Amino acid sequence: MPAAPVSNHGLWEATAPPAPDSAPLQAQGVAVDIAIVGAGYTGLSAALHAAEAGARVAVLEAQHVGFGGSGRNVGLVNAGMWVMPDALPQALGEPHGQRLLDALGEGPSLVYGLVERHGLACEAVRRGTLHCAVGASGLRNLRERHRQWQARGAPVALLDADAIAEATGSRAYTGGLLDRRAGTIQPLAYARGLAHAAVRAGAALHTHSPVTAVDDHQGHWTLHTPQGSVNAAWVIVATNAYTDRLWPALQEELVRFPYFNLATAPLPAALRARILPGQQGAWDTPDVLSSFRLDAQGRLVFGSVGALRGPGSVVHGDWGRRALARLFPALGRVAFEHAWYGQIGMTANALPRLHLLARNTVSISGYNGRGIAPGTVFGRALAQLALGRCRIDDLPLPLTEPTPAAFKALREMGYEAGALLVHAAQARF
Ligand SMILES: Cc1cc2nc3c(=O)[nH]c(=O)nc-3n(C[C@H](O)[C@H](O)[C@H](O)COP(=O)(O)OP(=O)(O)OC[C@H]3O[C@@H](n4cnc5c(N)ncnc54)[C@H](O)[C@@H]3O)c2cc1C
C-alpha cells in the first residue's frame, strides 16, 4: 500500500493560498525589457525585483507557479550550501568564495524581509534550523561545521545529545547544530506569494506557456510559446532542475537527485509540545539523509532521498512509518495524509552554476537542495544584472561554461535505486 496518495505538490498544494490569476501568453511580439523563463523562486524573485525597479517584465512558465522544486521542497530556509563554509573559497577562489558566503548568509534575511514587506502568507517561522548528528562521525562533521561558521561570526550553537533531544523530541542524535539565521516556510505558498508581489509590481505572468524556441534578432530576443511570443532585450533562464530540452546544455549539466516528503495529520497538542517544540526545521547527517519539520497546523512533514514511483511509493512509505516510530516512539504508528516528491539539481562540486548562454541571456541553476534563499538571492542578482546595475563579474558566482555531468543517467539511477535499497533494508527491523 502506498503511504498516501502521491501528488505533485502534496501538503503544500492542499494548504497554500491561491496563485495570482494568469493565463497562457496569447499575443505575438509582446515587447518587454526582461523575459524570465520559469516561475520558481529564482524567476519570481528576478521578476519582482526587476518590476519594482520599473522594468517591463514577462514571466513565462511551462506549467504553473511553483511547479518545480519551489512547490515541492521541505521549506528549510538555510543560510549556506551543503558544503562546509571553508570549501567555498577553496572551490571558487576569491573574491567569489567570500562573496557567495556573504550572499548566502544574508539569504534568509532577504526571504523573511520580502515576506514581511509584501505580507506574503507562507507560514514563515524564523527560529533557526537544526542539523542533527547521527553517530560519532555525524558529530565530528557538525563540530567542524560549527568551528568554521563560528570563525566567520555566524550565530550558530553546537548542541550536545541532551540538548538536541530536548530540541527535537528524539534521543536518536549524538548532537546538533542550531543555525539561528535560518527558519522554515510553506514552500508553495512562498512561491505563490512572490508571484502575487511580482504581479502587483507590474510583471506580466503567463502560466502554461512553455518557451519552445528563442530567436536572435540582434537587437532583441524573441521567445516563442505555443500561442504567442515575447520580444526582450534580456533573457533570464530560471528553469533549474526542471529544465527541458530548450537549453540541452543546462539539462546535461545537472544530475537529478530525488527527494520525497510524507505528511501526517495534525499532531495532538501533547505531542506538539514534545516534537520540535521550538518549531525549527531539522535534517540529519547521513548520506541518505532524513528531514523533519512541522507545518502551521502541527502536521509532521518527514522526508528522505527517493522517488515515490514504482516500488518506491511502497518501500519509502513503509520505511517512513517505521523510521518515525523509531525516532519518536510516542507517535506510535502514524498514517500519512500526503506524499510527494521532486528532483533536486546537483552539480559536481555541490555549488550552483552561472552561465551566459548567449548575448544578454543568463542562467543560474544547481542549488543542490539549497534553493529557497539562494534562488531568492540569485533572482535579485540577475535582475540587477539585466537592469544594468551591476556587471556579471560583480555577481557572487564566477561565470562558467556549461559542462555535461559525467555518467549522468547512471548516477540518477544510482541515487534512486540506492535510496530504495537503503530504505528497504532499514524498514525490515
Ligand atoms: C523535494 C525537495 C526538497 C528540497 N528541500 C529544500 C529545502 O528544504 N530548502 C531549500 O533551500 N531548498 C530545497 N530544495 C531545493 C529547492 O526547492 C530548489 O533549489 C528551488 O526551488 C529552485 O528554484 P528555481 O526557481 O531555481 O527552480 P524551480 O522551482 O524548479 O522552477 C523552474 C521552473 O521552470 C519551469 N520551466 C522549465 N522549462 C521551461 C520552459 N521551457 N518554459 C517555461 N518554463 C519552464 C518549470 O516548469 C519550473 O516551474 C528542495 C528541492 C526538492 C525537489
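The structure under discussion appears in the preceding block.
Model, not experiment: these values are computed from the prediction.

J.: Would you explain helix 11 (residues 311–327) in this entry?
T.: Note that an α-helix has 3.6 residues per turn; residues three or four places apart therefore point the same way. For helix 11, which comprises 17 residues, the first-to-last C-alpha distance of 24 Å matches the rise-based estimate of 24 Å (1.5 Å per residue) to within 8%. Taken together, the buried positions of helix 11 are occupied by Gly312, Ser313, His316, Gly317, Trp319, Gly320, Arg321, Ala323, Leu324 and Leu327.

J.: Looking at this model, I keep getting lost on the pairing of strand 14 (residues 290–294). Mind explaining?
T.: Working note: regular strand, side chains alternate between the two faces of the sheet. For strand 14, a buried count of 5 out of 5 residues is recorded, marking the element as mostly surrounded by other parts of the structure. Bridging between strand 13 (residues 281–284) and strand 14 involves 2 bridges; their strand directions are antiparallel. The residue of strand 14 that forms the bridge with alanine 282 is phenylalanine 292. Two successive antiparallel strands, strand 13 and strand 14, enclose a turn made up of 5 residues. Sheet analysis places strand 14 next to strand 15 (residues 299–305), joined by 5 bridges and oriented antiparallel. Opposite phenylalanine 292, over in strand 15, you have phenylalanine 302 as the bridge partner. Between strand 14 and strand 15, which pair antiparallel in sequence order, lie 4 residues; one of them, glycine 298, sits at a positive phi of approximately 85°.

J.: What's the story with the environment of alanine 62 in this structure? I'm lost.
T.: In this structure, alanine 62 sits in the loop between strand 2 (57–60) and strand 3 (76–77). According to the relative accessible area criterion, alanine 62 is partly exposed, its value standing at 33%. Between the C-alpha atoms of alanine 62 and leucine 308, which are 246 residues apart in sequence, the distance is 23 Å. In contact with alanine 62, not counting residues within four places along its chain, are His208, Ser209 and Pro210.

J.: When you look at the site of the ligand in this model, what are you seeing that I'm missing?
T.: Near the ligand you find 33 residues, and of these Thr42, Glu61, Ser70, Leu76 and Asn240 are the closest. One of the backbone nitrogen or oxygen atoms of alanine 62 is found 3.0 Å away from a nitrogen atom of the ligand. Residue serine 70 places a side-chain N or O atom 2.5 Å away from an oxygen atom belonging to the ligand. In the complex, the protein chains occlude 96% of the 1000 Å² of accessible area that the ligand would expose alone. Elements represented by at least two residues in the shell around the ligand include exactly helix 2 (41–52) and strand 16 (336–346). The leading source of residues in the shell around the ligand is strand 16, at 3 residues. For the shell around the ligand, the residue count by class is 15 nonpolar, 14 polar and 4 charged.

J.: I tried to follow the nonpolar core on my own but got confused; where do I start?
T.: Of all hydrophobic cores here, the largest spans 73 residues; its most connected members are Val57 and Tyr190. Sorting elements by how many residues they give to this core places helix 12 (residues 372–386) first, with 9 residues. Beyond its immediate sequence surroundings of up to four residues, valine 57 is in contact with Val32, Ile34, Ile36, Ala47, Ala50, Ala51, Ala203 and Ala204. Core analysis: the next-biggest nonpolar cluster, separate from the first, contains 32 residues, Leu267, Phe302, Leu308 and Val334 among them.

J.: Is there a simple way to explain helix 2 in this structure?
T.: Counted at 1.5 Å a residue, the expected span for helix 2 with its 12 residues is 16 Å, and the 16 Å between its end C-alpha atoms agrees. Among the residues of helix 2, Tyr41, Thr42, Gly43, Leu44, Ser45, Ala46, Ala47, Leu48, His49, Ala50 and Ala51 are the ones counted as buried. Where helix 2 terminates, the next one or two residues include glycine 54, which has phi positive at roughly 100°.

J.: What is the right way to look at the packing of helix 5 (residues 107–118) against helix 12 in this model?
T.: A pair of packed helices can be characterised by two numbers: the angle between their axes and the separation between those axes. Across the interface, helix 5 lies against helix 12 with an axial gap of 8 Å and an inter-helix angle of 80°. Looking at the two axes, helix 5 sits roughly perpendicular to helix 12. For the pair helix 5 and helix 12, contact is made by Gly107, Pro108, Leu110, Val111 and Leu114 and by Ile372, Ala373, Thr376, Val377 and Arg380, respectively. A per-class count over the contact of helix 5 with helix 12 returns 7 nonpolar, 2 polar and 1 charged.

J.: Help me understand unusual backbone geometry in this model?
T.: Cis geometry is found at the peptide bond from glutamate 94 to proline 95, where omega equals 15°. Structurally, proline 95 can be placed in the loop between helix 3 (87–92) and helix 4 (96–105). Backbone geometry places histidine 208, a non-glycine residue, at a positive phi of 50°. With a phi angle near 55°, asparagine 368 is a residue other than glycine that sits in the positive phi range. Mapping asparagine 368 onto the fold places it in the loop between strand 18 (361–365) and helix 12.

J.: Just checking my understanding: could you explain the environment of phenylalanine 260 for this structure?
T.: You can see phenylalanine 260 is positioned in strand 12 (residues 255–266). Considering only alpha carbons, one finds phenylalanine 260 and glycine 312, 52 residues apart in sequence, at a separation of 9.9 Å. Sequence-distant contacts of phenylalanine 260, defined by excluding residues within four places in its chain, comprise Phe302, Gly303, Ser304, Val305, Gly306, Leu308, His316, Trp319, Trp340, Tyr341 and His423.

J.: Help me out: how do you make sense of the pairing of strand 2 in this one?
T.: Covered by surrounding structure in strand 2 are Val57 and Val59 together with Ala58 and Leu60, the residues of both alternating faces. In the sheet, strand 1 (residues 30–37) pairs with strand 2 via 4 bridges, with the strands oriented parallel. From the neighbouring strand, isoleucine 36 faces strand 2, where its bridge partner is valine 59. On the question of chirality, the crossover connecting strand 1 to the parallel strand 2 by way of helix 2 is right-handed. Sheet topology note: the strand 2/strand 8 (residues 204–206) ladder contains 3 bridges and is parallel. Across the sheet, valine 59 pairs through a bridge with leucine 205, a residue of strand 8.

Cut-offs used in this document
Residues numbered from 1 in each chain as written. Predicted model: local features only at pLDDT ≥ 70, side-chain atom pairs only at ≥ 80, totals over all residues. Heavy atoms only, no water. Helix = DSSP H or I, 4+ residues; strand = E, 2+ residues; numbered from the N terminus. Expected span 1.5 Å × (residues − 1). Buried < 20%, exposed > 50% of the residue type's maximum accessible area, 1.4 Å probe, protein only. Pairing = 2+ DSSP bridges. Contact = heavy atoms within 4.5 Å. Near = heavy atom within 4 Å. Polar contact = N/O pair within 3.5 Å; in protein donor to acceptor, adjacent residues only side chain to side chain. Areas by Shrake-Rupley, 256 points an atom, 1.4 Å probe, with all protein chains shown as cover. Nonpolar A, V, L, I, M, F, W, Y, C, P; charged D, E, K, R; others polar. Core = buried A, V, L, I, M, F, W, Y, C linked by side-chain atoms within 4.5 Å. Axes fitted to C-alpha atoms, helices over the stretch in contact; angles between N-to-C directions. Parallel < 35°, antiparallel > 145°, perpendicular 65-115°, else oblique. Right-handed = clockwise from strand over helix to strand, strands pointing away.

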